[in-house]
Amino acid sequence: SQTIHQWPATLVQPVGSPLSLECTVEGTSNPNLYWYRQAAGRGLQLLFYSVGIGQISSEVPQNLSASRPQDRQFILSSKKLLLSDSGFYLCAWRRRGQTGELFFGEGSRLTVL
Amino acid sequence: QQPVQSPQAVILREGEDAVINCSSSKALYSVHWYRQKHGEAPVFLMILLKGGEQKGHDKISASFNEKKQQSSLYLTASQLSYSGTYFCGTEGGGSNYKLTFGKGTLLTVNP
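Caption draft 1: Examining the sheet that holds strand β3 (residues 19-26) of chain A more closely. All names here are of chain A. Taking strand neighbours across the sheet as the criterion, the four strands line up as β1-β3-β8-β7 in an open arrangement whose pairing is antiparallel. Each edge of the sheet is formed by a strand with only one pairing partner; in this case those strands are β1 (3-7) and β7 (64-70). Put simply, the sheet's adjacent strands are angled 15 degrees from each other on average, direction ignored. When β7 meets strand β8 (residues 73-78), the two strands line up antiparallel, connected through five bridges. When the sheet's bridge partners are listed, leucine 64 is paired in β8 with serine 78.

Structure, rendered in structure tokens:
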């Protein structure tokens, strides 16, 4: 069976500090991968998605970046966090080439102080 | 482009019905519906594909009007467990598999 792991679950970071959130998927290959952010009043905001290693599409121009160094690994990063980066970050995957269900990770709650 | 959901919030008593609407300004290939409990990840409810279909899932069903680029989620005889935030996600086709969600509808079911 397929599983998705996302960490850390919770973190508190000062403004200006770096960020790294990691997501890995097990039990499948060549998944489409997604990063969403949930902030108050904005629903599920698509940040990045990837259809293959090294292929990243950015939806929101901001100080975040994403990388996919391996087939089932998706990393969300920032060099300098802003207060507005606070939120609930969700990684998700679905099967390549299919309009199917999105499987979400447990989420990472980021508070920037 | 983000789909538009309405209403933003709805309060029901157990046993009552509700309809949540989702509309897009772009042609749609598919519409997804998810429910999220507070502090948890969204949970998949159903997908509707281009073709104007209607699906059912116990007492939760949905319709998809491709021509109007609209979808509606129907919750009948609501239960306390139906409480949560409902999101519609839309996909415009093509090969990018980008899934964009609306802002959500907060549904509260009271005893």
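Having put the structure on the table, let's press on.
Caption draft 2: View of the interface of chain A and chain B. At the junction of the two partners, chain A supplies 24 residues and chain B supplies 23 residues. Between chain A and chain B lies a buried interface of about 1,800 Å² when both sides are counted; carbon and sulfur atoms form 59% of it. Linking chain A to chain B there are two salt bridges. Arginine 94 of chain A is the partner of glutamate 91 of chain B in a salt bridge, and the nearest nitrogen-oxygen pair spans 2.4 Å. Here chain A and chain B share five residue pairs in polar contact (both at pLDDT 80 or more) between them.

Caption draft 3: Representation of the environment of serine 78 of chain B. All names here are of chain B. Relative to the elements of secondary structure, serine 78 occurs in the loop between β8 (70-75) and β9 (84-91). Taking the C-alpha atoms as reference points, serine 78 and aspartate 58, 20 residues apart in sequence, are found 11 Å from one another. Residues contacting serine 78, with those up to four places away along its chain left out, are Leu12, Arg13, Glu14, Gly15, Glu16 and Val109. At 3.4 Å, the side chain of serine 78 forms a polar contact with the backbone oxygen of arginine 13. Polar side-chain contacts of serine 78 include one of 2.8 Å to the backbone oxygen of glutamate 16.

Conventions and cut-offs
- Residues numbered from 1 in each chain as written.
- Chains lettered and ligands numbered in written order.
- Predicted model: local features only at pLDDT ≥ 70, side-chain atom pairs only at ≥ 80, totals over all residues.
- Heavy atoms only, no water.
- Pairing = 2+ DSSP bridges.
- Helix = DSSP H or I, 4+ residues; strand = E, 2+ residues; numbered from the N terminus.
- Axes fitted to C-alpha atoms, helices over the stretch in contact; angles between N-to-C directions.
- Contact = heavy atoms within 4.5 Å.
- Buried area = accessible area lost by both parts, 1.4 Å probe.
- Salt bridge = Lys/Arg side-chain N within 4 Å of Asp/Glu carboxyl O.
- Polar contact = N/O pair within 3.5 Å; in protein donor to acceptor, adjacent residues only side chain to side chain.

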